[in-house]
Each structure stands twice: as structure tokens, then as C-alpha cells.
Amino acid sequence: MKVLITGFDPFGGEKINPAWEAVRALPDNIDGIEVVKLQIPTVFKKSAKKLFENIDSVKPDVVICVGQAGGRYEFSVERVAINVDDGRIPDNDGYQPVDSPVFEDGENAYFSTLPIKAIVEEVKKAGIPAAVSNTAGTYVCNHIMYSLLYYLNKNNLNIKGGFIHVPFIPEQVVEKKNTPYMELTRITKALEISIKAIRDYEKDLVISGGKEF
Ligand code: PCA
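Residues numbered from 1 in each chain as written. Predicted model: local features only at pLDDT ≥ 70, side-chain atom pairs only at ≥ 80, totals over all residues. Heavy atoms only, no water.

### A short note on the nonpolar core
And then number 1: In terms of nonpolar packing, the biggest core is built from 36 residues, with Ile5, Ile64, Phe75, Leu191 and Ile195 touching the most fellow members.
And then number 2: If you tally residues by element for this core, the top one is helix H5 (residues 184-200), at seven residues.
And then number 3: In contact with leucine 191, other than residues within four places in its own chain, are Ile5, Ala22, Val23, Leu26, Val66, Phe75 and Ile164.
And then number 4: Counting residues in each nonpolar core, the second largest holds 30 residues, with Leu38, Ile55, Ala81 and Tyr139 among its members. (Core = buried A, V, L, I, M, F, W, Y, C linked by side-chain atoms within 4.5 Å. Buried < 20%, exposed > 50% of the residue type's maximum accessible area, 1.4 Å probe, protein only. Helix = DSSP H or I, 4+ residues; strand = E, 2+ residues; numbered from the N terminus. Contact = heavy atoms within 4.5 Å.)

### A word on the side chain of asparagine 83
And then number 1: Following the sequence through the fold, asparagine 83 ends up in the loop between strand S6 (80-82) and strand S7 (109-111).
And then number 2: Of note is the side chain of asparagine 83, whose polar atom sits 3.4 Å from the side chain of tyrosine 146.
And then number 3: Dropping the residues within four chain positions of it, asparagine 83 is found in contact with Ser100, Pro101, Val102, Phe103, Gly106, Glu107, Asn108 and Tyr146. (Polar contact = N/O pair within 3.5 Å; in protein donor to acceptor, adjacent residues only side chain to side chain.)

### Here's the deal with the packing of aromatic side chains
For any pair of aromatic rings, geometry is given as the distance between the ring centres together with the angle between the planes.
And then number 1: Under the defined criterion, the tally for this structure stands at eight aromatic pairs.
And then number 2: Their ring planes at 90° and their centres at 5.8 Å tell us that phenylalanine 44 and tyrosine 95 sit as a pair that is edge-to-face. With phenylalanine 44 in helix H2 (residues 44-58) and tyrosine 95 in the loop between S6 and S7, this pair connects stretches of sequence that are 51 residues apart.
And then number 3: An angle of 0° between the planes, with centres 3.9 Å apart, marks the rings of phenylalanine 103 and tyrosine 150 as stacked. (Phe/Tyr/Trp six-rings, centres within 6.5 Å; stacked < 30°, edge-to-face > 60°.)

Nothing here speaks to function; it is geometry throughout.
Pasting the structure below:
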């Protein structure tokens, strides 16, 4: 099995992005699974272009994109991406779309094809807070998750794909009050566990991952 895993560069005034830091700390090989790491820019269209090029050249079995969700407490495994770009802040190239579709000819939404409940269960078993999330937002992370699933779907590629949001790491919250964080080593560990869970669970677990809000 070959996994292509991406992390974004820093954005929104942060000096680091815990998503990329955690991705780059992963071993190149996990139990015989080949892990190919890729940094992508926090830029709407460029991020997807770079991802598509790498899917074509790497030919992975699985693609996992990882992003920072500052303010979230858990390792968040995203369920769904929607066909909306609506930036709260401009991207790293200064572009700030408002209510634009990611792809004009795409579905309203695409669901992750990763075993999201199994990933959450396995990560929690290791003592790391994790949850299914039902929104990846409307910024570059939703954009890349949507673009990934659109690309796999349109090209009939037999590749599993999905997205994981990770909290801030401690050095990012030193000057922020009451802001959740997770140590980088835990985030990296959770990504490793996620990769193994994707290998081990051909079918997802049928257990509740629902939320009221
Ligand atoms: N998080 C942002 C974009 C890049 C990142 O790491 C998001 O959640 O959209």
C-alpha cells in the first residue's frame, strides 16, 4: 500500500502549520506501508493543482490531506466536503473567494472514502482525543478535500481519499488564552494510527459518530 499524505504551509499569521509538521515527522515506511509526504500551499487553486500532479506521478492507493483547525480540541476526521469556497481571510496569495463553487461541474458535496469511524476509534484507543467532524469549513481545507474527491470521482480512480483537521500545537498557543492544543508527537502518532486503520478496515465500523452541532 502506498499513501500520499499532504500538509499545508503556515497561514493566517502563524509561523508554523502543525499539519505539515506532523506529516513531515512521519516515517517513510509504516509496517511496510510506503508513505509519501507532500507540502501544499494554503492557496485555493494552486493547492489542488499540486495535489493532482502528485496523485498522477505517485499513483497512491490512499490520499490523506491534513490541515490545521485552530481552536479544535480533537484530532478531527472529516466526513464531508462541500462545493463552496468562502474565505474568512484571504489565502496566502491574497485571494478571497466568496460563495464560489470549487468546481462548477461537481456534486454539491462528496463524502470521505476513508473508514472515518474506525480511524476515530483506533486513535481514541491510544488515548488521543479524536472525533468525526461534519464540516471542514469553507476555506482552503474544504477546498482541497472537495478537489481531491472530485478528482478521484471524475477520473474513476480506485484511490481512497479524505481529510483530517488537527489542533494547534503548544508553541502556537503560548500567547492565546483558553485555546486547545495537542502535542506534535501525539498528532503524528494519531496520523500513523490512521494510516494503519485505513489498511486494516476495508469497511468502516457502523457505530455512532454523530453530533447535535
Ligand atoms: N487549515 C486551513 C487551510 C490550511 C490549513 O492548514 C483550513 O482549515 O481551511
